[in-house]
Amino acid sequence: MQNVLIIGSGCAGLTAAIYAGRANLNPLVVEGHEPGGQLSLTTHVENYPGFPEGILGPELIENMRKQAERFGAEFKAGIVTEVDLTQRPFRVIAGKDVYETRSLIVAAGASARLLGLKGEKELIGHGVSTCATCDGYFFRGKEIAVVGGGDTAMEEANFLSRYASRVYLIHRRPEFRASKIMVDRVKANEKVEFVTPFVVDEILAPEGLVSGIRVRETHNGSTRDIGLHGVFVAIGHNPNSIIFRGKLEMDENGYLIPRSGSLTSVPGVFIAGDVQDHRYRQAVTAAGSGCMAAMDAEKFLEEHKD
């Protein structure tokens with residue numbers, strides 16, 4: 001029987017584990033299909049407070065994990081495949097392992113949608129990124145591409161134009177899903193060049209670093225190469241929430257909906273990090289929400305000593 005079981009081992013889950021550990025709750029962390037979360041896929045993190053020279057994403061995650069272990073957190077590899085929230089203690093199933101817990105913190109995160117191109121995932125941190133706020137600074141004075149047609153793509157194109165010498169906005173259709181005001185704002189930006197209707201066929205990286213992309217015109221199939229140093233994929237995220245469908249409140253995109261901080265519609269179940277945050281998606285906000293969830297869980301357990 002666990003006091004606190006935490007699903008997910010990114011910034012939110014690890015921070016929750018640190019706080020729950022310090023409260024002598026001996027939390028169990030089920031790491032999930034992407035141990036360490038999205039930070040484990042990044043290279044240099046320069047905007048996390050307390051590191052004036054920046055820190056490598058995997059190193060930051062490893063430090064958090066060691067800190068949680070120091071306070072008594074236990075880690076288990078595995079992917080949660082089923083949960084029963086109809087009664088306490090809650091049942092959590094991860095493969096062949098079945099756990100019972102008095103409280104549950106869902107910090108399962110969200111996975112950035114990728115283009116599905118060969119070698120794309122391996123190039124994350126080597127010219128491919130899914131976070132303009134995280135990585136834009138590294139492309140000062142360089143040419144880059146943003147792929148996408150929604151508001152997020154428009155926001156990222158505008159944001160990245162602060163650093164890049166040229167931003168190619170690539171979308172498969174001439175029209176965009178983004179709001180008109182966002183499209184107009186980007187069209188007025190002299191640094192942004194629209195490349196439509198085109199899709200990215202290949203990311204060129206002969207030496208392991210992005211050096212260009214090959215794009216294909218969707219109407220006639222013609223291709224051309226564009227030399228650049230960065231590709232920002234802005235086609236959305238998928239929250240890792242499918243096992244909670246019909247069990248916890250979520251919006252139309254699958255993001256879990258918090259009540260009063262980290263609380264949910266099920267007493268004893270708390271949510272933190274990107275699985276409930278489609279707006280900020282930053283390491284520091286994930287960590288903050290992990291702290292909130294652990295403190296809420298501690299208070300809940302104090303009030304329910306059954």
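This one's a predicted model, so the numbers in the text were calculated from it and none came from an experiment.

Student: Which parts of the structure should I look at to understand the packing of helix 4 (residues 151–160) against helix 5 (residues 180–187)?
Tutor: Axis separation between helix 4 and helix 5 bottoms out at 9 Å; the angle between their running directions is 25 degrees. Our classification of the angle between helix 4 and helix 5 gives roughly parallel. Helix 4 and helix 5 meet at a crossing whose hand is left-handed. Seen from helix 4, the contacting residues are D151, M154, E155, A157 and N158; seen from helix 5, they are M182, V183, R185 and V186. Within the contact of helix 4 with helix 5, the residues separate by chemical class into 5 nonpolar, 1 polar and 3 charged.

Student: I keep staring at the layout of surface pockets and nothing clicks. Help me out?
Tutor: What the second largest pocket holds in volume is close to 370 Å³. Contributing to the lining of the second largest pocket are 16 residues, with R113, T152, G236, H237 and N253 lying nearest its centre. The element contributing the most residues to the lining of the second largest pocket is helix 4, with 3 residues. Taken together, the residues of the lining of the second largest pocket sort by class into 5 nonpolar, 6 polar and 5 charged.

Student: What should I look at first to understand helix 2 (residues 57–70) in this one?
Tutor: Because the α-helix completes a turn every 3.6 residues, residues three or four places apart line up on one side. An ideal rise of 1.5 Å per residue puts 20 Å on 14 residues; helix 2 measures up with 20 Å between its terminal C-alpha atoms. In this structure, the buried residues of helix 2 make contact with helix 1 (11–22), strand 3 (44–45), strand 4 (55–56) and strand 5 (74–76). At the C-terminal side of helix 2, G72 shows a positive phi close to 100 degrees.

Procedures and definitions
- Residues numbered from 1 in each chain as written.
- Predicted model: local features only at pLDDT ≥ 70, side-chain atom pairs only at ≥ 80, totals over all residues.
- Heavy atoms only, no water.
- Axes fitted to C-alpha atoms, helices over the stretch in contact; angles between N-to-C directions.
- Helix = DSSP H or I, 4+ residues; strand = E, 2+ residues; numbered from the N terminus.
- Parallel < 35°, antiparallel > 145°, perpendicular 65-115°, else oblique.
- Left-handed = near helix turned anticlockwise from the far one by under 90°.
- Contact = heavy atoms within 4.5 Å.
- Nonpolar A, V, L, I, M, F, W, Y, C, P; charged D, E, K, R; others polar.
- 1 Å grid on protein atoms, 1.4 Å probe; cavity = no way out; pocket = protein on both sides within 12 Å on 5 of 7 lines; lining within 4 Å.
- Points joined across faces, edges and corners; volume = space filled by probe spheres on them.
- Expected span 1.5 Å × (residues − 1).

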